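Structural overview
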Amino acid sequence: MHRPVPLQPSLPQPPRQPAAPRAELASFLTPSLAAVVAGARRRALRDGDRQIDTAHLLHSLVESDPDVGAVFEGDHQLARVLGYLAQRSIGYGLRWQRSVEQSGARRLLPAVREAEPQGGGGRASGWSPAAVAALEGAFRRAAGWGDERARGVDLLVGVAADPESRAVEVLRRAGVDPIALVARIDARDESRGEALGESRGEALGEGRIVALGEGPSQQV
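Residues numbered from 1 in each chain as written. Predicted model: local features only at pLDDT ≥ 70, side-chain atom pairs only at ≥ 80, totals over all residues. Heavy atoms only, no water.

Secondary structure assignment for the protein yields 10 helices and zero strands. Ordered by position from N to C terminus, the α and β elements of the protein give α-α-α-α-α-α-α-α-α-α. Every one of the 220 residues in the protein was classed for burial, and the buried ones make up 43%. Across the protein, the fraction of contacts at a sequence separation of at least 24, relative to all contacts at a separation of at least 6, is 68%. Total accessible area computed for the protein in this model is approximately 12000 Å², and 54% of it derives from carbon and sulfur atoms. (Helix = DSSP H or I, 4+ residues; strand = E, 2+ residues; numbered from the N terminus. Buried < 20%, exposed > 50% of the residue type's maximum accessible area, 1.4 Å probe, protein only. Contact = heavy atoms within 4.5 Å. Areas by Shrake-Rupley, 256 points an atom, 1.4 Å probe, with all protein chains shown as cover.)

If you want it as structure tokens, here you go:
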């Protein structure tokens, strides 16, 4: 089933400082995803990172959103992802402390350019460009399904769809194919969308029959 993506008004942009979601952003998130974003913020502050990046978002997603955990291939795969995320402060994660996480999709998303570090002295914004792109992608994906708010799986697709993101690096190290992960989520949502469309069609059909007086007659 092909889903046309409707044109949407300007999407909200994540805050430039690592703060809890602002009112205009939170209104576009489900309560569970708002909790994920807040959790990523706390993790970034606790780790002493200058920015919330896609690895923070992925860590918070797999820890707190059951729907996200369900799309992985078993608990063993989820445990491997969490294991690599927990090693952020050593090994491969050390270089992250000295660089800004860019995005391979930056040229396609103007909001990413606007979220780039401002000012001198190496001072960075509160969100990495890749994290901004992932959130914006989540909003667009939710809108494509006709949802007013983005869900955790929408954000997971956003972080997994950028081949240059830190989240994708973690997924690959844990043995997760990001492309296969996104395809699995899309297939599951396609089935959900078809079932929803059928149920809506049946409801409309029944309503149409009643409206036309074609329902069962009542005889006294």
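Attention shifts here to the nonpolar core. Ranked by size, the top nonpolar core spans 44 residues in total, and within it Leu58, Phe72, Val81, Leu155, Leu156 and Leu181 carry the most contacts. Those elements that provide at least two residues to this core are helix H2 (31-47), helix H3 (54-64), helix H5 (75-86), helix H7 (129-144), helix H8 (152-160), helix H9 (166-173) and helix H10 (178-211). Aside from chain neighbours lying at most four places away, what touches Leu155 is Leu33, Leu57, Leu61, Ala134, Leu135 and Ala138. (Core = buried A, V, L, I, M, F, W, Y, C linked by side-chain atoms within 4.5 Å.)

So, about the pattern of salt bridges. Tallied over the entire structure, the rule returns 13 salt bridges. Between Asp186 and Arg141 there is a salt bridge, with the nearest N and O atoms lying 2.8 Å from each other. Taken together, the residues span a long stretch of sequence, with Asp186 in helix H10 and Arg141 in helix H7 at a distance of 45 residues. Asp186 sits in the partly exposed class, given a relative accessible area of 29%. Among the residues examined, Arg141 registers a relative accessible area of 10% and is labelled buried. Note that Arg151 and Asp154 form a salt bridge whose closest N and O atoms lie 3.6 Å from each other. Three or more residues joined by partner-sharing salt bridges are found here, namely Arg141, Arg151, Asp154, Asp186, Arg188 and Asp189. (Salt bridge = Lys/Arg side-chain N within 4 Å of Asp/Glu carboxyl O.)

Within H8, nine of the nine residues are buried, leaving the element largely enclosed by the surrounding structure. Turning to H8, its buried residues number three or more, namely Gly152, Val153, Asp154, Leu155, Leu156, Val157, Gly158, Val159 and Ala160.

Inspection of the secondary structure puts Thr30 in the loop between helix H1 (23-26) and H2. Residue classification places Thr30 among the buried residues on the basis of a relative accessible area of 16%. When near neighbours in sequence (up to four residues on either side) are disregarded, Thr30 contacts Arg149, Ala150 and Arg151.

The next subject is the side chain of Thr54. Tracing the chain through its elements places Thr54 in helix H3. Since its relative accessible area comes to 1%, Thr54 is described here as buried. Within the local environment of Thr54, its side chain forms a polar contact with the backbone nitrogen of Ala167, the two atoms lying 3.0 Å apart. Not counting residues within four places of it along the chain, the set of residues in contact with Thr54 comprises Glu101, Ser128, Ala130, Ala131, Ala134, Val159, Ser165, Arg166 and Ala167. (Polar contact = N/O pair within 3.5 Å; in protein donor to acceptor, adjacent residues only side chain to side chain.)

Here the focus is the packing of H2 against H3. Interhelical geometry of H2 versus H3 gives an angle of 125 degrees and a closest axis separation of 8 Å. Classified by the interaxial angle, the pair formed by H2 and H3 is oblique. The chirality of how H2 crosses H3 is right-handed. The segment H2 lies against H3, with Leu33, Ala35, Val36, Gly39, Ala40, Arg43, Ala44 and Asp47 engaging His56, Leu57, His59, Ser60, Leu61, Glu63 and Ser64. Here the residues of the contact of H2 with H3 are counted per class, giving seven nonpolar, five polar and three charged. (Axes fitted to C-alpha atoms, helices over the stretch in contact; angles between N-to-C directions. Parallel < 35°, antiparallel > 145°, perpendicular 65-115°, else oblique. Left-handed = near helix turned anticlockwise from the far one by under 90°. Nonpolar A, V, L, I, M, F, W, Y, C, P; charged D, E, K, R; others polar.)

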